[in-house]
Amino acid sequence: MTSINPRSFKNVTFELRKGEVLGIGGLVGAQRTELIEAIFGLRAMAIGKFIINGQEVKIASPADAKRHKIALLTEERRVTGIFPVLSVMENMAIANLDAYQNPYFLLDERNMKVDAANSAEKLRVKMPSVKELIKNLSGGNQQKVLLGRWLLTDPDILLLDEPTRGIDVGAKYEIYTIILELAKQGKSIIMISSEMPEILGMSDRIMVMCEGRLTGILDKENATEQEIMRHATLYMG
Amino acid sequence: MEMNLKKSKEFALQYAIYGVLIVLIVAIAVYNSNFLSINTLRDILMQSSTRVIIALGAGFILITAGVDLSAGRVVGLAAVLSASMLQVADYSRRFFPDLPDLPIWIPILVAILAGLLVGILNGWIVAKFSVPPFIATLGTFVMVYGINSIYFDMKPNESQPIGGLRPDFTEIGSGSLGNGPYSIPYIVIIALVVAFIVWVIFNKTKLGKNMYAIGGNVNAATVSGINVGRNLIMIYAIAGALYGFAGVLEAARTGGATNNYGNMYELDAIAACVVGGVSTTGGIGTVPGSLGGVVIFTVINYGLTFVGMNPYWQLIIKGLIIVAAVAVDIRKYISKK
C-alpha cells in the first residue's frame, strides 16, 4: 500500500492472520493512523491491494469496508467516534441499521433496543439506560459503546487505533479482555498503540513503522521495548 | 438530590416555550375573553397548516446542522406553477388561454416536482462542492425567484396576479370536512398527515437516523459508513418537495398566486423550529417540537392582532422570542461542557 500523499505511508505490505492481534508500533508521525484509515477506505491510495481470504477486494469507502466485514475504532473518540447528542442505543445501532430494516423500509426499534442492551451488558457499559445520551457517559464507557457499535456489524477484521487512549485503568483492563476474547473467537485485530506495555502484552506480532515505512515485523517471543524503539527510529537522525 | 434539581431545571428549560404559550393565551384571554372560542382555534390551526409543512422541511435541514434559505421562494414558485395551470376555463386573464382542464393532480405534481428539483440542486451543491448550506441555498433562493419571475412575466400574463382558480382546487385550501364551527378544515388534516409522514421518516427510517447522525457529528457519520453526500441530497430533496406542496396549498387557500408568494417564509419556518427545540447546532429536533413552534408563532400573530396591537410592535416581540429561544438552546448545550 502506498498513499497518494508522498509524505505518508509508502510500500507497506503485510498479512494479517485469522485470530491474531497484530500490533502496530511506532512514534507519533509514523503514519500508522493514515495507514489503517486508508485500509478502511477513508483515505485515497496510489497503490493499494487487499486480499481477504484469497480474494482480491476493492475498498474505496467505509461502506465498502463494512461490506467486507472490516470495522474501525478511531483514535479521536470525540471527533470521529461518538454522536454526543444521540442516545447510547442510536450510537450503537448506527453502523448496523440495514439489519433492522423491515421490507417496508421501516426500522424495527424493538430489535435495536434489545441488541443495544445486550451488547451494553456484554461489554459491561455502565449507564442508567440505553436511552441515556452518550455524552453523559465516561470516556471508557463511551469507548465500549463504540466497540459495541462495530461488534453489532459482526466484523472479521477490527482496526483499533489507540483503543485505550484517555480512559481509566479499570475500563482499560476491560477493553483488553474484550480484545483478547474477540481474537479467541477467530476475529483478526490490528491495534495501533503507543504504549509499550500495552503493545507488548497484547500483540501476537508487532509491526513497527517509521516515517511511513514498514521497518519490521517482530514475533511476540523476540519483541522487546528496545527492539521496537530501534525499528521505530530506523530512518531518523 | 442535586441530580434531581439539575434534571428539573433541564426539564423547565426544555418546556419553557409551552409555558410562554400558556401565559400568552391566558393574557390575551384576560384582555378579551372572546379569544377563547372554537373559531379562534380553527383560524389558528388553518393559518398554521401551510407553515407547519414548510417548518418541517426546514427542520430536516436544521437537524443536519444546515439551513435552507430557499424555502420561501420555492413556495412562491410552486404557488405560481400550480395556479397557472388551474384557472377556470372562462376566466378573462388566463395564464395559458388555450389550456384544457387538466386533472387536478397534474399541476400539483408539477409544482411539487419543481420543489423537489430545487432541493436536489441544493443538496448537490452542498454535498458535491462542500459549499456551506447558508450560501448554497442563498444562491438558489435568488435563482428560484428569478426563474419564477420570468415565468410569471410571460405573455400574456405579464406579471399580473393569477386569479380565477378552479373551485375544485380552492376547495382543498378553504373547504372543511363537515359543517359548522366543529368542522375540520381539509388543510389542517393535510398538515397533520404530512406531519405524521415526516415523524415516521425522522423516527422509523434509516434516512432519519442518518440525518440525526450527520447533524450530530458528520465525521463520525462518515466513519460509520454513512454516505453523507447521498443522504444530504435526499434530505434537501424531501425538504424541497415539502416547500413545493406548501406552495400549492398556499395558492389553494388564498385562491391566487404571485411571484412574491412565500417571501420570507423561510425565516418564519426556521424561527418556529428553533422555538420548538430544533437545535441550530444539529442533531436535535422533533416533529411535535416543530409543530409547537409553528403554533406558538401563529398564536402570537393572531393573538396580538386580535387585541389590536400595532403590527410593528408584533415584529419586535417576535424577534425577541427568537433570540430568547436560541439563547436558551445554546445554554442547554454549553451547560453540559
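## As for the pairing of strand E8 (residues 188-192) of chain A
All names here are of chain A.
- With five of its five residues buried, E8 lies for the most part within the structure.
- Side chains of E8 alternate between two faces, with Ser-188, Ile-190 and Ile-192 and Ile-189 and Met-191 buried alike.
- Bridging between strand E7 (residues 157-161) and E8 involves five bridges; their strand directions are parallel. The residue bridging Leu-160 from the neighbouring strand is Met-191, located in E8.
- Assessed by its sense of winding, the connection that carries the chain from E7 through helix H7 (residues 169-184) to E8 is right-handed.

## Notes on the sheet that holds strand E9 (residues 205-210) of chain A
All names here are of chain A.
- If you trace the six strands from one edge of the open sheet to the other, you get E6-E7-E8-E2-E9-E10, paired in mixed fashion. With partners counted over all chains shown, the strands left at the sheet margins are strand E6 (70-73) and strand E10 (213-219), one partner each. Each adjacent strand pair in this sheet contributes to an overall mean axis angle of 20°, direction not counted.
- Sheet topology places E9 next to E10; six bridges connect them, and they run antiparallel. The partner of Val-208 across the bridge, within E10, is Gly-216.
- H7 contacts strand E2 (21-26), E7 and E8 of the sheet and is inclined by roughly 145° relative to E8.

## Observations regarding the interface of chain B and chain A
- Contact with chain B, which involves 23 residues of that partner, is made by 31 residues of chain A.
- When chain B packs against chain A, close to 2000 Å² is buried across both sides, 64% of that on carbon and sulfur atoms.
- Of all residues in chain B, Lys-206, Lys-209 and Val-223 of chain B bury the most surface against chain A, accounting for 32% of the area lost on that side.
- Inspection of the region where chain B meets chain A yields three salt bridges.
- When the shortest N-O distance is used, the salt bridge between Lys-206 of chain B and Asp-98 of chain A registers 2.6 Å.
- Here the side of chain B that touches chain A takes six residues from helix H8 (residues 206-216) of chain B, the largest share from any one element.
- Of the residues assigned to the side of chain B that touches chain A, the class counts are eight nonpolar, eleven polar and four charged.

Parameters at a glance
- Residues numbered from 1 in each chain as written.
- Chains lettered and ligands numbered in written order.
- Predicted model: local features only at pLDDT ≥ 70, side-chain atom pairs only at ≥ 80, totals over all residues.
- Heavy atoms only, no water.
- Buried < 20%, exposed > 50% of the residue type's maximum accessible area, 1.4 Å probe, protein only.
- Helix = DSSP H or I, 4+ residues; strand = E, 2+ residues; numbered from the N terminus.
- Pairing = 2+ DSSP bridges.
- Right-handed = clockwise from strand over helix to strand, strands pointing away.
- Axes fitted to C-alpha atoms, helices over the stretch in contact; angles between N-to-C directions.
- Contact = heavy atoms within 4.5 Å.
- Buried area = accessible area lost by both parts, 1.4 Å probe.
- Salt bridge = Lys/Arg side-chain N within 4 Å of Asp/Glu carboxyl O.
- Nonpolar A, V, L, I, M, F, W, Y, C, P; charged D, E, K, R; others polar.

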